[in-house]
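Structure assessment
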Amino acid sequence: MFSKEYRLKKKYQFNYVYRVGRSVGSTNLVLYFSPSKNKNVKVGISVSKKLGHAVTRNLVKRRIRECVIPYLQKINPNFNVVFIAKTSAAEASFAELQKDVNYLLKKANILCG
RNA sequence: UAAGAUAACUGGAUGAUUACGCCACUUGUGGUGAGGAAAGUCCGAGCACCAUAGAGCAAACACUCUUGAUAACGUCAAGCAAUGGUGACAUUAGGAAAAGGGCAACAGAAAUAGACUGCCAACUGACAGCUUAGCUGUAAAGGGCACAGGUGGAAAAGUGGAGUAAAAGCCCACUCAUUAGUAUGGUGACAUACUUCUGCUGUAAACUCAGUGUGGUGCAAGAUGUGGGGCAUAAGAGUUGCUCGCUCGCUCCCAAAAUCGCUUGAUUAUGUUGGCAACAGCAUAACUAGAUAGAUGAUCAUCUUAAAUGACAGAACUCGGCUUAUAGGUUAUCUUAGGGC
RNA sequence: GGAAGCGUAUCGAAGUGGUCGCACCGAGCCGCACUCGAAAUGCGGUUGUCGGAGAAAUCCGGCACGUGGGUUCGAAUCCCACCGCUUCCG
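Pairing in this open sheet of four strands is mixed, and the strands run β1-β2-β4-β3 from one edge to the other. Of all strands in the sheet, those bounded by a partner on one side alone are β1 (22-25) and β3 (42-46). The average angle at which neighbouring strand axes cross in this sheet is 20°, direction not considered. With four bridges joining them, β1 and strand β2 (residues 29-35) adopt antiparallel strand pairing. Across the sheet, the residue bridging to V24 is L31, located in β2. In the packing of helix α1 (residues 11-20) onto the sheet, the strands contacted are β1, β2, β3 and β4 (79-85), and the crossing angle to β2 comes to about 95°.

In this fold, K42 is placed in strand β3. Assessed through its relative accessible area of 17%, K42 is described here as buried. Apart from residues lying up to four places away in sequence, K42 is in contact with E5, Y6, R7, L8, F79, N80 and V81.

Looking now at the packing of helix α2 (residues 54-68) against helix α3 (residues 94-108). Where α2 contacts α3, the axes come no closer than 9 Å and their chain directions differ by 50°. On the basis of their axis angle, the class for α2 and α3 is oblique. Helix-helix and strand crossings are classified by hand; for α2 and α3 the assignment is right-handed. Note on element contacts: α3 touches α2 through F94, L97, Q98 and V101, opposite R63, E66, C67 and V68. A class-by-class count of the residues in the contact of α2 with α3 yields five nonpolar, one polar and two charged.

Structurally, G52 can be placed in the loop between β3 and α2. Residue G52 is classed as partly exposed on the basis of its relative accessible area of 26%. C-alpha of G52 to C-alpha of S36: the two residues are 16 residues apart in sequence and 32 Å apart in space.

What follows is about the side chain of S26. As for its position among the elements, S26 is in the loop between β1 and β2. When its relative accessible area of 10% is taken as the criterion, S26 is described as buried. Excluding anything up to four places from it in sequence, S26 contacts K86, D100, Y103 and L104.

Parameters at a glance
- Residues numbered from 1 in each chain as written.
- Chains lettered and ligands numbered in written order.
- Predicted model: local features only at pLDDT ≥ 70, side-chain atom pairs only at ≥ 80, totals over all residues.
- Heavy atoms only, no water.
- Pairing = 2+ DSSP bridges.
- Helix = DSSP H or I, 4+ residues; strand = E, 2+ residues; numbered from the N terminus.
- Axes fitted to C-alpha atoms, helices over the stretch in contact; angles between N-to-C directions.
- Contact = heavy atoms within 4.5 Å.
- Buried < 20%, exposed > 50% of the residue type's maximum accessible area, 1.4 Å probe, protein only.
- Parallel < 35°, antiparallel > 145°, perpendicular 65-115°, else oblique.
- Left-handed = near helix turned anticlockwise from the far one by under 90°.
- Nonpolar A, V, L, I, M, F, W, Y, C, P; charged D, E, K, R; others polar.

Quick look at the structure:
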């Protein structure tokens, strides 16, 4: 389940997370997170033009989204989260991204239960 | 068999579990969901607003063999000419240099006119000799020539003859290029033949000239709601400048989002008729993404296959082109070379 | 999605058809002078790459102005197509 209510959409929302939130990094990804008043977790994914053309960017986005789905119910619902792909993410496999997501969420210590 | 040329096609299929966008309704099911280039944004249109886009001059930009096709085009088709290739074929911004100036480094005597080396004693003058109205000889001062030399991308047509003091398209024959005309063929570009004129450096993809065409801005156009602010009857605005003309003159600006614009259209598929073709007409059938942090992933199974885990690559208002990228595979026609019958 | 601009030695930056690109100029780098030593200052030198010659210093030749074509006798410069980078428009 990763419908629109779980997504960060507006530019100001992203800016808020960057400004207020804290960050954790790994080889392929960077995780920003900040507390919010929403009842649901909201996840944003940012993939810059440096990674490549539209096809590769879309692929990275889809993979990250797929990786996050199993954790949606486990993350503390009072947080907003932004994943940023580094340049190396364009060549990383699905399994590597899964490992990175798991590592980052534990390191950030925002999982509940 | 090898090496090529040209024109096309393909760019895996089916199913399961789970996940996403849109649509429908019975609200948890069903339907549907990227390309040949969706790309680059290089042209042409639709559409929207500015006057239902007006006139003149200027500027700027684009185009330039012919005939046709098209809504239109700088695109396409069939040809013509030139160039390249043994050939199948390919390429070409392919008007004018005799309207006008501009530029042409270095080399070379000289670069669009000229004489360095050279050739010449016919002419003017000089000198010498002699049989003295003159003749013969010497010398390149004046003068004549542009044949030969070498330089260069380019030196003013090539070969042969005639001619001369020496020479030269100065003249003649043939050839080459070129101007104009006539005839034949072709819608035409043009081709062939004959007559005739001329023998002219190159560059217009630097300026220019001739002809033709172009109003501007782009869906972030624009329309409708919401909130806030300004102006107070003429300043101004109408998107290159000037002149004219017309219109608006209560409308203008800012903010954040929403809805519309947003997909049935110069559409697609099949057949048929006309045309060498581009393409057009007719008939039948079909409806095929519409997002807005922006939708196709993950894990398998089976099949086709040499292989498919593996090419280039992701719609953003919509069409017609152009250009560029593209693994592997397939088809058709043709060319050259070698071999066999 | 749309609209503009820029690519020249290690860096910045002139050069807009002509003597090999001795690539003006500035910074940097190297050497020398000055100094006990350094800085500053002054003077001189300095593009890369490929190939060849040489014991070495060094010398000679080719290619290269983002890349590839074209026009021209000749292109960093003119034309066309790509590649990369930057900026603007809600």
